[in-house]
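# A closer look at the structure
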Amino acid sequence: EGLDVECWKAVSDGKHNSNSFLTFWRDRFYLIHANSPYHFATPECKLMLWSSKDAREWELITTFSVPDEDIRDPKFAVIHDRLFIYVLKSFVADGSEPYTTAYTYTDDGVNFQPLTDLLDNHGWLFWNPRTNDGKTWYVPAYWGGHGNSIMLKTENGINFKPVCYIHQGKKGLVNDRNDETDFAFLGDGTLISTQRLEFSEDITGDKLACTHLAICRPPYEKWEPIGKDYHTRLDGPSLFEYNGRVYAVGRRNPYDREEGPNYVGSVFGRKRTSLYEVTTNGLIFLTD
């Protein structure tokens with residue numbers, strides 16, 4: 001069955017507003033996104049943070065930027081009733097390739113600490129922290145040089161310890177360019193993850209590009225691969241649990257894998273924002 005979807009504009013200023021993330025904390029919605037003249041790295045990029053009671057009328061709280069650098073992929077985490085934001089920083093000369101994760105937090109939703117690099121985990125690019133007990137938060141992260149992703153854990157949102165690898169794609173001369181990695185908890189506490197595999201730096205994409213899946217059971221010491229899913233290369237994944245099932249929102253690449261010149265992941269190809277169910281058998285496409 002189709003979904004009943006209601007749409008309304010939250011931000012409309014003519015800029016390239018992307019990398020959006022949403023959370024609900026202390027009876028308010030918080031929305032953060034990148035605001036830039038275009039998608040690729042630029043020192044003109046800033047993150048805009050908005051707040052709303054009803055998700056329809058928004059108030060701009062603050063903006064974040066880094067002098068002479070790009071900033072993108074913000075993620076929220078509510079840790080011990082403190083609202084954290086994790087962001088990726090990029091040197092503009094390196095294109096849009098992030099090189100480290102920085103964080104800030106607030107205790108009141110208005111005043112934020114200065115952006116600070118996570119020096120103990122330099123080079124690991126954080127995605128979306130999760131908890132299922134309110135005591136320990138786990139976060140997936142991919143390596144700035146691509147190829148590997150790991151899981152880290154924290155009890156305070158500031159000090160993170162590596163736990164184990166989620167995916168190791170860089171072995172010898174083989175690099176499947178694993179980057180954006182997310183996970184969510186299944187009902188029994190098992191974590192299920194999707195990893196974006198690019199396989200190529202070519203701007204026209206790659207016919208091998210796909211989504212890799214893996215699971216990790218308590219006590220979260222080892223990830224077990226499920227395998228590659230060729231439905232799409234799930235870019236910008238956001239996984240979430242609802243009624244005991246895990247879903248993912250991300251970019252779908254709706255074109256023929258074998259026919260060029262634009263293959264899966266091409267910067268010239270049209271994309272769709274799509275909803276999938278994430279299962280131990282792979283991705284199930286639900287709707288655009």
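The model shown is predicted, which means the values in this text are computed figures rather than measured ones.

This paragraph deals with the nonpolar core. If you look at the biggest cluster of nonpolar residues, it comprises 17 residues, and the most contacted ones within it are Ile32, Leu47, Leu49, Phe64, Ile71, Phe76 and Ile85. Ignoring anything within four residues of it in the chain, the contact list for Leu49 reads Tyr30, Leu31, Ile32, Glu59, Leu60, Ile61, Thr62, Phe64, Phe76, Ile85 and Phe112. Membership of the second largest hydrophobic core comes to 15 residues, among which are Ile79, Trp124, Trp137 and Phe160.

Our focus in this paragraph is the layout of surface pockets. Roughly 180 Å³ of internal volume is contained in the second largest pocket. Lining the second largest pocket, in full, are Phe21, Leu22, Thr23, Phe76, Ala77, Val78, Asn128, Pro129, Arg130, Thr131 and Trp137. At the level of secondary structure, the elements contributing two or more residues to the lining of the second largest pocket comprise strand 1 (16-25) and strand 5 (69-79). Here the residues of the lining of the second largest pocket sort into 7 nonpolar, 3 polar and 1 charged.

The buried count for strand 7 (residues 98-106) comes to 9 of 9 residues, which makes it a mostly enclosed element. Note: strand 6 (residues 82-91) against strand 7, 8 bridges, orientation antiparallel. Bridging across to strand 7, Lys89 finds its partner in Thr100. Where strand 7 meets strand 8 (residues 116-117), 2 bridges bridge the pair, whose relative direction is antiparallel. Following the sheet pairing, Ala102 is matched in strand 8 by Asp117.

Summarising burial for strand 6: 8 of the 10 residues are buried, a large majority. Direction of pairing for strand 5 relative to strand 6: antiparallel, over a ladder of 9 bridges. In the strand pairing of strand 6, Arg72 is matched with Leu88. Between strand 5 and strand 6, which pair antiparallel and follow one another directly, the connecting turn spans 2 residues, one of which, His80, has a positive phi of 50°.

Another point: the packing of aromatic side chains. Aromatic ring pairs are described here by two measures, namely the spacing of the ring centres and the angle between the planes. For the structure on display, the rule yields 17 aromatic pairs. Pairing Trp25 with Tyr30 gives two aromatic rings, centres 5.8 Å apart and planes at 55°, and the pair type is tilted. One exposure class covers both Trp25 and Tyr30, and it is buried. Between Phe91 and Tyr99 the ring centres are 4.0 Å apart and the planes differ by 5°, which places this aromatic pair in the stacked class. Feature note: the residues Phe84, Tyr86, Tyr105, Phe126 and Phe160 constitute an aromatic cluster, connected by ring pairs. The lysine or arginine in question, Arg56, covers the ring of Trp8, its NZ or CZ lying 4.1 Å from the ring centre. Here the guanidinium or amino end of Lys75 rests over the ring plane of Trp127, the centre of that ring lying 3.8 Å away.

Thresholds, definitions, all that
Residue numbers restart at each chain and count upward from 1, following the sequence in its written direction. Side-chain atom pairs in this predicted model are given and counted only at pLDDT of 80 or more, local residue features only at pLDDT of at least 70, and totals for whole chains, interfaces and linings cover all residues. Neither water nor hydrogens contribute to the side-chain values; these are computed over all heavy atoms in the structure. The set of buried Ala, Val, Leu, Ile, Met, Phe, Trp, Tyr and Cys residues whose side-chain atoms join them within 4.5 Å is what this entry labels a nonpolar core. Partly exposed describes any residue whose relative accessible area lies between the buried limit of under 20% and the exposed limit of over 50%, with all areas from a 1.4 Å probe on protein chains only and scaled to the type maximum. Only heavy atoms matter for contacts: two residues are in contact if any of them lie within 4.5 Å across the pair. Using a 1 Å grid laid over the protein atoms alone, points where a 1.4 Å probe fits but cannot get out form a cavity; open sets with protein on both sides within 12 Å along at least 5 of 7 lines form a pocket; any residue with an atom within 4 Å of a point counts as lining. Grid points are joined across faces, edges and corners, and a volume is the space filled by probe spheres set on the points. A run of DSSP states H or I qualifies as a helix once it reaches four residues; a run of E qualifies as a strand once it reaches two. Both are numbered from the N-terminal end. Note on residue classes: Ala, Val, Leu, Ile, Met, Phe, Trp, Tyr, Cys and Pro are nonpolar, Asp, Glu, Lys and Arg are charged, and everything else, Gly too, is polar. In short, DSSP must find at least two bridges between two strands for them to pair. Aromatic pairs are defined between Phe, Tyr and Trp rings, using the six-membered ring for Trp, whenever the two ring centres lie within 6.5 Å; interplanar angles under 30 degrees are classed as stacked, those over 60 as edge-to-face, and all others as tilted. A ring is scored as having a charge over it whenever the NZ atom of a lysine or the CZ atom of an arginine sits within 6 Å of its centre and within 35 degrees of its normal.

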